[in-house]
Amino acid sequence: MARLVVVSNRVADPRRTAAGGLAVALSEVLQATGGMWFGWSGKVIAAADGGRPGEGKAHRHQAGPVKLVTVDLSDEDHRAYYLGYANGVLWPVFHYRLDLADFDAGYIEGYRRVNQLFARLLAPLLKPDDLVWVHDYHLMPLASELRALGCQQRIGFFLHIPLPPPMILAAIPGHDWLVRSLCAFDVVGFQSETDHQHFCGYIEHEAKAQSLGEGRWRVFNRTLHAGAWPIGIDVDELEALAKAPEARDMHARMRREYSRRMLLVGVDRLDYSKGLPQRMRAFRHLLQRHPETHRNATLVQIASPSREDVSAYSDILHELESLCGSINGNFGDLEWMPVRYIHRTVARPRLPGLFRASRVALVTPLRDGMNLVAKEFIVSQDAEDPGVLILSRFAGAAEQLHQALLVNPYDTEGTADAIHLALQMPLEERRARHEALLATCRSQDVHWWCESFLSALRQAQAQESGTPWLRL
């Protein structure tokens, strides 16, 4: 079996399930193949301590049979590559927020420089038959940099965030370089069919790519396979988590505290893509139009901190706090607080208990690659008395989870109506919807996602060795 080499912005120890879904998904194949995980260490080295742009040393650690290789970044590289281009340009544009993108700061050179650094340090560590799987928007040019160094391995890429339509993508200065670099991969994967079609539309019209059928394209003298592989969760692992003491304790305490009320829940990072102010306005509209919900419905909104040193995040934090305070001030009383707002991270082992105690989950991003909270809510439910998932049609998960109540988060009245419907939904309908949603989560779980993508990568044909990939 060919060795798997994973490359991502951050490296996780696959032995620790708490490291996250990606580590859970890749753990089995990494350990079976004696694989390697390569990426940024998370450390930033100041120039005074020897941190020079474009330079760095690889640090090697062993995690059982898996080799972990990490690279420190200089302060300048971190600002340009991570804070600047990845999160200041690609993140807002890929979430359709051109108004928040900082196109003029010259971050692109630092983004290219770090990808070149990664390629230089990774290339000597690769074996000829390795399968290399690169993850996310931070590393879109990595395959082209590896090809420029002579690497002929099969290299796949998965984008965990949305890909915008061609006209929005084309607003990025250097978009043609970015997509041409992406075409140096053998397999390119997306969360949803919508994102996949955006990519195909771009390369067909902008790069004159030729469709070969079955997801294969001929472009820039290479053949690549593009497709949608929606990521899932580890259902068995989450079910076990739901039975553990922390989750059971959380469930019992929530049921006691809200025994006379219906609980609604939202769990998000504080990010402008999550639609949190729009969600609060919809909840306020519900309270205005349906007085019977007063003292009967409480929304627990967890908004964990995220990049609060950036002005766009501080703006949304203040807007969200203002809305929550206004709702509680206008509708609450001494015995009932309509919104319970929590601006900190809640430990993952406790979340299944919170989900299980909730009648409704609000997963209403303005745009999202997938949104695994939606799937975690479904798996956490009591099948005999399940809650209802309200899901934005602009989340990647909406393509799979048809039995959720799909809403347009920009439509305040429509979202409020969906919440009212969910709170009144009969038990029989809730059970039927949950059964279908759970079946989808099981059939397309995180292990299905991993094996499906790697199967496509294993089948990728070797590219023409006589055609060098030039660094652009």
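Report on the accompanying structure. Since this is a predicted model, take the numbers as computed values, not measurements.

Reading the values: the criteria
Residues numbered from 1 in each chain as written. Predicted model: local features only at pLDDT ≥ 70, side-chain atom pairs only at ≥ 80, totals over all residues. Heavy atoms only, no water. Buried < 20%, exposed > 50% of the residue type's maximum accessible area, 1.4 Å probe, protein only. Helix = DSSP H or I, 4+ residues; strand = E, 2+ residues; numbered from the N terminus. Arc of directions from axis to C-beta. Contact = heavy atoms within 4.5 Å. Polar contact = N/O pair within 3.5 Å; in protein donor to acceptor, adjacent residues only side chain to side chain. Bend = angle between axes of the 7 residues up to and from the residue. Pairing = 2+ DSSP bridges. Axes fitted to C-alpha atoms, helices over the stretch in contact; angles between N-to-C directions. Salt bridge = Lys/Arg side-chain N within 4 Å of Asp/Glu carboxyl O.

1. Let's talk about helix H8 (residues 235-243)
Here's step 1: Taken as a whole, H8 has its buried residues at Val 235, Glu 237, Leu 238, Leu 241 and Ala 242. Viewed along the axis of H8, the buried residues span an arc of 165 degrees, placing them on a single side of the element. Exposed residues lying more than 90 degrees from the buried face of H8 are Asp 236 and Lys 243.
Here's step 2: On its buried side, H8 packs onto helix H9 (245-257), helix H12 (351-356), helix H13 (372-380) and helix H15 (427-443).
Here's step 3: Sitting at the amino-terminal end of H8 is Asp 234, which places a side-chain oxygen 3.4 Å from the backbone nitrogen of Asp 236.

2. Structural notes on helix H2 (residues 75-94)
Here's step 1: For H2, the principal kink sits at Ala 86 and spans about 35 degrees.
Here's step 2: Of all 20 residues making up H2, 15 are buried, and the element is well covered by its neighbours.
Here's step 3: Tyr 96, located one to two residues past H2, shows a positive phi value of around 70 degrees.

3. What to know about the sheet that holds strand S16 (residues 405-407)
Here's step 1: Pairing within the open sheet is parallel, and its six strands lie in the order S13-S12-S11-S14-S15-S16. Each edge of the sheet is formed by a strand with only one pairing partner; in this case those strands are strand S13 (339-342) and S16. Between one strand axis and the next, the sheet turns by 20 degrees as a mean value, whatever way the strands run.
Here's step 2: By the bridge criterion, four bridges tie strand S14 (residues 360-363) to strand S15 (residues 388-392) in an arrangement that is parallel. If you follow Ala 361 over to S15, its bridge partner there is Leu 389.
Here's step 3: Along the sheet, helix H14 (residues 412-424) makes contact with strand S11 (262-269), strand S12 (297-304), S14, S15 and S16, crossing S16 at roughly 170 degrees.

4. What to know about the pattern of salt bridges
Here's step 1: With the rule as written, the count across this model stands at 25 salt bridges.
Here's step 2: A salt bridge links Glu 335 to Arg 295; the nearest nitrogen and oxygen atoms lie 3.4 Å apart. In this pair, Glu 335 sits in the loop between helix H11 (311-331) and S13 while Arg 295 sits in the loop between helix H10 (276-289) and S12, placing the two residues 40 residues apart along the sequence.

5. Some details on the pairing of strand S10 (residues 222-228)
Here's step 1: With five of seven residues buried, S10 lies mostly within the body of the structure.
Here's step 2: The sheet contact formed by strand S7 (residues 187-190) and S10 spans four bridges and is parallel. The residue bridging Val 188 from the neighbouring strand is Ala 226, located in S10.
Here's step 3: Pairing between strand S9 (residues 216-219) and S10: four bridges, direction antiparallel. Note on S10: the bridge partner recorded for Trp 217 is Leu 224.
Here's step 4: Count of turn residues in the S9/S10 antiparallel hairpin: two residues, of which Phe 220 carries a positive phi of about 55 degrees.

6. Digging into the sheet that holds S10
Here's step 1: Strand order in the open sheet formed by 10 strands is S3-S4-S2-S1-S5-S6-S7-S10-S9-S8, with mixed pairing between adjacent strands. Here the strands that pair on one side only, and so sit at the sheet edges, are strand S3 (58-63) and strand S8 (210-213). Each strand axis lies, on average, 25 degrees off the axis of its neighbour in the sheet, ignoring direction.
Here's step 2: Of the pairings in the sheet, the one linking strand S5 (residues 131-135) to strand S6 (residues 154-158) comprises five bridges and is parallel in character. If you follow Val 134 over to S6, its bridge partner there is Phe 157.
Here's step 3: Relative to the sheet, H2 contacts strand S1 (4-10), strand S2 (36-45) and strand S4 (66-74), its axis offset from that of S4 by approximately 100 degrees.

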